[in-house]
Every structure is written in C-alpha cells, then in structure tokens.
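Okay, here's what each chain looks like letter by letter:
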Amino acid sequence: MTEANIVLEAKNITKQFPGVLASDNVNFDLRKGEIHALLGENGAGKSTLMNLIYGLHLPDKGEIFVNGKPIEIKSPNDSIAAGIGMVHQHFMLIPVFTVAENVMLGDEVTKRGSLDRVTVAAKINEISKQYGLDVDPNALVGDLPVGLQQRVEIVKTLYRNAEIVILDEPTAVLTPQEAEDLFRIMRDLTARGVSIIFITHKLKEVLAVADRITVMRAGRVINTVQPSETNEAQLANMMVGRQVILTVEKKDHAASGDILKVEGLSARDQRDLETVHNVSFTVRGGEVLGIAGVQGNGQTELSEALTGLRAPTGGKVTMDGIDLTGKSPRVMTEAGLAHIPEDRQRHGLVLSYSVADNMALCDYYRPPFSSRGVIQQKALDENARKLIDAFDVRTPSPFVNAGKLSGGNQQKVIVARELSRHNVKLVIANQPTRGLDVGSIEYIHSEIIKMRDRGVAVLLISAELDEVMALSDRIAVMYRGQIVAVVDSKKATREQLGLWMAGAHVEAAQA
Ligand SMILES: Nc1ncnc2c1ncn2[C@@H]1O[C@H](COP(=O)(O)OP(=O)(O)OP(=O)(O)O)[C@@H](O)[C@H]1O
Ligand SMILES: [Mg+2]
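These figures come from a predicted structure and were not determined experimentally. What you see as residue numbers is a count from 1 along each chain, following the sequence as written. Chains carry letters from A onward and ligands carry numbers from 1 onward, assigned in written order. Local features in this predicted model are restricted to residues whose pLDDT is 70 or higher, and side-chain atom pairs enter the listing and the counts only when it is 80 or higher, whereas totals over whole chains, interfaces and linings include all residues. Computation of side-chain values: all heavy atoms of the structure, hydrogens and water removed.

Colleague: Even after reading the chapter, I still don't get the site of ligand 1, so can you show me in this structure?
Modeller: Residues in close proximity to ligand 1 total 20 residues, the closest being Gly43, Lys46, Thr48, Ser406 and Gly408. As used in this structure description, the phrase polar contact means that two N or O atoms lie within 3.5 Å; if the pair is within protein, one of them must be able to donate a hydrogen and the other to accept it, and residues adjacent in sequence are counted only when both atoms belong to side chains. In the model, an oxygen atom of ligand 1 is placed 2.8 Å from a nitrogen or oxygen of the glycine 43 main chain. Within the backbone of glycine 408, an N or O atom sits 2.7 Å from an oxygen atom of ligand 1. A run of H or I in DSSP becomes a helix once it reaches four residues, and a run of E becomes a strand once it reaches two; helices and strands are each numbered from the N terminus. Within the residue set of the shell around ligand 1, elements represented by two or more residues are β2 (20-31), α1 (46-54) and α14 (407-420). Take the shell around ligand 1: its biggest share by element is three residues, from α1. In terms of residue class, the shell around ligand 1 is built from five nonpolar, eleven polar and four charged. The split into domains, and so the bounds of each, comes from an automatic or database assignment of domains. Built from parts of two domains, the shell around ligand 1 gets at least three residues from each of domain 1 (3-240) and domain 3 (348-420). Proximity is defined per residue: if any heavy atom of the residue lies within 4 Å of a molecule or strand, that residue is considered near it. For this scheme, ten residues count as nonpolar: Ala, Val, Leu, Ile, Met, Phe, Trp, Tyr, Cys and Pro. Four count as charged, namely Asp, Glu, Lys and Arg, and the remainder, Gly too, count as polar.

In structure tokens:
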C-alpha cells in the first residue's frame, strides 16, 4: 500500500472533555475502498473520534488530511464538502418528513422558491438503484422499519457525494437479515471506491466484513490488525484489557410459582394494526423466560403493553396475583416491576438530567431519596456512586448530564438503576445489552442470572439469539404477534429456533 491509497488520515488528534480525555493523540487512517472497523469498550472514544472527523466537535490538537491534503473541519459543512458522510449511533431523521425531505434537509433544492421534490426524488432513485438500496423517496420515514431508516441515512450521505462513509454502530438495531443486507450494501459501496469506517461491538461481524481492525481503549489506539491474524477472544482482550468470558455461567435453579401471568393479551401498534394477538404465557419466580424472534414480530408492542407504555386492546396481565392490565408505569413499578426499555433515549433516561438523578428516576419521591417531600441529595449521590462503581459506568462524575455519556454508558445507567431497585419481583428486559461492549455484557448477564437466583422472575426479550439461548431457562418464540412455541432451553437448538422464528409450521412444544 502506498500513501496514495490513503483517503483519510487523522494525525495526533487530542480532545479533552471536562474530566475525560476522550481522544489521546490518536492516529487513524482509511484506505480507498476498504472497510476499516473501529472497536473499543464503551466510552473508549470511538464516536468522539468520528465526531471530530465529521466536524461536530473541534479537536484541541491534531490534523485531518483528506486525499493527502490537510483540511480544516470546523463544522459538518466542511467535512461534507470534503466528501465525508456520517450515519450516527442515534439516528437523526425526522419521522414526520418523507424520505426525500429528510435527504434534502440542509441541502434543499428549490425551483422558483419552492422545494424541487421531483429532482430530488429522481436523484434518490438513481442512488438507490446504483447501490441496491431500495428506498422509496415518497415514503414517510416514521413508517419505515429501522433497517430502511438507516438506508435513508446512507442515501443522505451519498446524495451529498460522500466518498468516505462513517457508520457508527449501524448493526446494533438491525435484524440479522437487515445486517446481512447492510454488509452487501457496504461491499457494493467499497467496490465502487467508497471507503467505510465501521463501528460495532459485534466481534463476529468485524471478523467477517472488515479489511482492517483498529482497537481503541480509554481514548487511545491500542492496535491495528488484520482479521486473518486475530480472533474473537484476542479482540475482546484488546478492547477491555483483560480476559473476557464469552459464555454465561449459569447453574440449575428451581423455579417457584408464577409471578407474571399473561392471558390472551392483544395490542396494536402506532398504525393501529394488531401486532400482538391473543398471547398467553407465564414467567415463574427464579426463572428466565426468553422471547426469541426476528425484530418486528410484535416484541416491542408486547413489552410496551406489559410495562404500561401502551394500553393493551385485550387480555389480562397479573403480577404475583395483582391485576396490572393497562396500569401506568408508576403503578407497575410500585408493584415490583423493573423495566429495561428497548429505546434508551426515549423511555429509559432523561438526557438533560444528571447521572445521579437518572439512577433514581423511579424512586426519587420515596425514602431514602426523599424525606417529607424534600429531595435528599446525599442519598442520591451515594446511590449513584455505588452503582457507577458496580456497573463500571464511565463518567467523570455523578453530576454529569446523562446525555454526555457514550451510548453504551447511557445503557449501563438504566440497567444499573433497574437491577438495583428494592423489592423487584419481575424484570422485563428488552434488548438489555444493546450497544454494550463484551466486558459489560459479561457483567450484566451475570447480574441478570443473580436476580433469577434470588427468585426474581425475568422476562428477556432480545433480538440476539445467542443471548436468549445463554440466559434463558425456557424460550418462547414470537412470530407475527403470536407465541408459536415454548421450549426448555436445554432442549432448544439454534436450528429449530431459527425455523420457528422464520415461521416454519409448529406444534407448540410445551415445556
Ligand atoms: N459532548 C460531550 N461532553 C462531555 N463528554 C463527552 C461528550 N461526548 C463524549 N464524552 C465523553 O467522552 C468519552 C468517549 O465517549 P464516546 O462517545 O466517544 O465513546 P464510544 O467509544 O463511542 O462508546 P460507546 O461504545 O458506548 O458508544 C466518554 O467518557 C464520554 O463520557
Ligand atoms: Mg459511541
């Protein structure tokens, strides 16, 4: 490889945030037409480095070169002009706008004073065809599944003629099929000379698609390696600086009586379509019931209907004998429900509140956090310090706004709060480890198993079949809004579960 092949080079980049050296003299380069994966534990500085390259933050020190020329990036306008595009960890699309409106946002084409939708739509169709992206310019973004929304973000970068595309954890929210489609798109892009920086926590993906892998830890680059000369265990070790147990240790544990009882539950989605049909199951104290299924088969509405975020349209939900059907999240919480929601920024956190306040979000009005109607700051701080330590939340202090934390550390704040609450009888965990690094996943898995061993009922909903298989005592498969099978996890095979998830006809095998 000669220098001429390098399309992007970041040299000696340093960025200090209050209390965190997020980028510590980082060197990173990208070759033409390659997929360069960027790995690292939560808070390592991956998104920060990309935000610096994209012009969302200014570096304290360092230089960025595009095609060998130094460029000054003061805002995304400069990076876009230099051919850089970025798809963010948390999407930035406007749901009530169409695809075309979102794509042209900030770069509006007008004709005699009004938006020229026809020209834009034509260009989108052309890009879409060229790269096999298959997006409809006139669709409303809010109606599209996540996988397609992400393609809109990619189209948006290509529409601005990006030759360097940054994908920050694009697969975290995708189904396995959508992820496969994305990898195909990525290969099509690189075949046409586009260069890609790909951030992910999934080591298998990295080994499968990357041309080179760079690992970051604590703001520094640790190493750059070829997939052919490494493996999952080594990468995990490089990321977190210690050996990681990639399997879950779990002993047999006798379950007690039913805690969660769901009878004939139905629910409708945003568009008023019934996506949960007449679902019945139970979760016993001391067991983990995992719900496996391809995303979009009603899991979101099911978990919302069970946690007070969505009113069920039929059926009954009881917890330890108490009828909780259609009750508010607060009533459910008080009855002993802990909930790790799927969408951390919408339902899990108040981003403008401190980490300490977020860690007491469900209990702030009760002792020890409140006494005679007065908030007890000391109790809030103590609680936060304890949880930050136990769950290894990377934050300069408990007083920082949750929105300043890295994506994975935001997730850890929610998990820490929910798993540490008093008098929990039932945990409903929806994608509990989404966006977490391997070390954090290991810890949270062991905490979930500890809850179960203490007799708590755990309902785990996860798009990661590996996670469902590793944690569950029984596995229920959800397909098109129904539970199509329930099996003892010891008897479950990946192949059989996969078939049920794909809708193969089943005689529900009751465990
Ligand atoms: N705007 C900001 N203000 C203050 N601190 C910030 C800001 N953005 C990031 N940080 C801090 O910089 C560090 C690196 O964060 P970054 O988001 O780059 O991590 P990451 O590697 O992308 O992690 P993750 O895998 O969790 O997404 C973190 O400690 C974070 O708290
Ligand atoms: Mg990040």
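Colleague: Explain the nonpolar core to me, please; I cannot follow it from the model alone.
Modeller: One broad trend across soluble globular proteins is that nonpolar side chains are buried collectively. Nine residue types can take part in a nonpolar core, namely buried Ala, Val, Leu, Ile, Met, Phe, Trp, Tyr and Cys, and a core is a set of them joined through side-chain atoms within 4.5 Å. Burial classes follow relative accessibility: with a 1.4 Å probe on protein chains only, a residue under 20% of its type's maximum area counts as buried, one over 50% as exposed, and anything between as partly exposed. The biggest cluster of nonpolar side chains holds 50 residues, and the ones touching the most others in it are Ile213 and Leu235. Element by element, the count of residues in this core is highest for helix α6 (residues 176-191), at six residues. In this description, contact between two residues means that some pair of their heavy atoms is separated by no more than 4.5 Å. With near-sequence residues (within four places) excluded, isoleucine 213 lies in contact with His36, Ala37, Leu39, Val206, Leu207, Asn223, Thr224, Val225, Pro227, Thr230 and Leu235. Grouped together as the second largest cluster of nonpolar side chains are 43 residues, Ala356, Ala384, Val415 and Ala429 included.

Colleague: Would you explain the domain arrangement of the chain in this entry?
Modeller: How big an interface is tends to be stated in terms of accessible area lost as the parts join. What the domain assignment lists for the chain is domain 1 (3-240), domain 2 (245-336 + 423-511) and domain 3 (348-420). Using only C-alpha atoms to locate each centre, domain 1 and domain 2 end up separated by 33 Å. With 18 residues of domain 1 at the contact, the number on the domain 2 side is 13 residues. Buried area, as used here, totals the accessible surface that two parts lose on assembly, with accessibility defined by a 1.4 Å probe and the loss added over both. Here domain 1 packs against domain 2, burying approximately 1,100 Å² in sum over the two surfaces, 56% of which is carbon and sulfur. By convention in these notes, a salt bridge is any Lys or Arg side-chain nitrogen within 4 Å of a carboxyl oxygen on Asp or Glu. Summed over the shared surface of domain 1 and domain 2, the result is two salt bridges. Where lysine 202 meets glutamate 464, a salt bridge forms, and the shortest distance between an N and an O atom there is 3.1 Å. For the pair domain 1 and domain 2, the interface holds six residue pairs in polar contact (both at pLDDT 80 or more). When residues of the side of domain 1 that touches domain 2 are traced back to their parent elements, those giving at least two are α7 (203-209) and α8 (232-240). The element best represented in the side of domain 1 that touches domain 2 is α8, accounting for five residues. Residues belonging to the side of domain 1 that touches domain 2 are distributed by class as follows: eight nonpolar, four polar and six charged.

Colleague: Even after reading the chapter, I still don't get the layout of surface pockets, so can you show me in this structure?
Modeller: Over the atoms, a rolled probe matching the size of one water molecule traces out where space is still vacant. Approximately 1,500 Å³ is the volume found for the second largest pocket. Along the wall of the second largest pocket there are 50 residues; nearest its centre are Lys202, Lys204, Glu464, Asp466 and Glu467. Secondary structure elements with two or more residues in the lining of the second largest pocket: α6, α7, α15 (438-453), α16 (465-471) and α17 (494-501). The element best represented in the lining of the second largest pocket is α6, accounting for six residues. Every definition here rests on a 1 Å grid over the protein atoms only: cavities are sets of points where a 1.4 Å probe fits but cannot get out, pockets are open sets enclosed by protein on both sides within 12 Å along at least five of seven lines, and lining residues have some atom within 4 Å of a point. Grid points are joined across faces, edges and corners, and a volume is the space filled by probe spheres set on the points.

Colleague: Explanation requested: the sheet that holds strand β6 (residues 84-87) in the structure shown.
Modeller: The strands that make up a sheet pair up through hydrogen bonds in the backbone, lying either parallel or antiparallel. Pairing within the open sheet is mixed, and its six strands lie in the order β6-β9-β10-β3-β11-β12. Two strands in the sheet have a free side with no partner beyond their single neighbour: β6 and β12 (220-225). Direction aside, the axes of adjacent strands within the sheet are offset by 20° on average. Across five bridges, strand β3 (residues 35-40) lies against strand β11 (residues 212-217) in parallel orientation. Looking across to β11, one finds that histidine 36 is bridged to arginine 212. One bridge is not enough; two strands pair if DSSP finds at least two bridges between them. For helices, the axis comes from a line fit to the C-alpha atoms of the stretch in contact; other axes are also lines fit to C-alpha atoms, and the angle between any two N-to-C directions lies between 0 and 180 degrees.

Colleague: Is there a simple way to explain helix α13 (residues 377-390) in this structure?
Modeller: Since the α-helix turns once every 3.6 residues, residues separated by three or four places project in the same direction. Here the expected length of a helix is defined as 1.5 Å per residue gap, with one fewer gap than residues. Given a rise of 1.5 Å per residue, 14 residues ought to cover 20 Å, and the 20 Å separating the end C-alpha atoms of α13 matches this to within 8%. Within α13 the residues assigned to the buried category are Ala379, Leu380, Asp381, Asn383, Ala384, Leu387 and Ile388. Buried residues along α13 sit in contact with α12 (355-358), β20 (374-375) and α14. The first or second residue beyond α13 is aspartate 392, which carries a positive phi of 55°.

Colleague: Would you explain the pattern of salt bridges in this entry?
Modeller: Opposite charge on two side chains permits them to pair, given that their charged atoms come into close proximity. Taken as a whole and judged by the stated rule, the model has 29 salt bridges. Among the ionic pairs, glutamate 304 bridges to arginine 310, the shortest N-O distance being 2.7 Å. Owing to a relative accessible area of 16%, arginine 310 belongs among the buried residues under this scheme. Taken together, the salt bridges that share partners define one network made up of Glu334, Asp363, Arg366, Arg417, Glu418 and Arg421.

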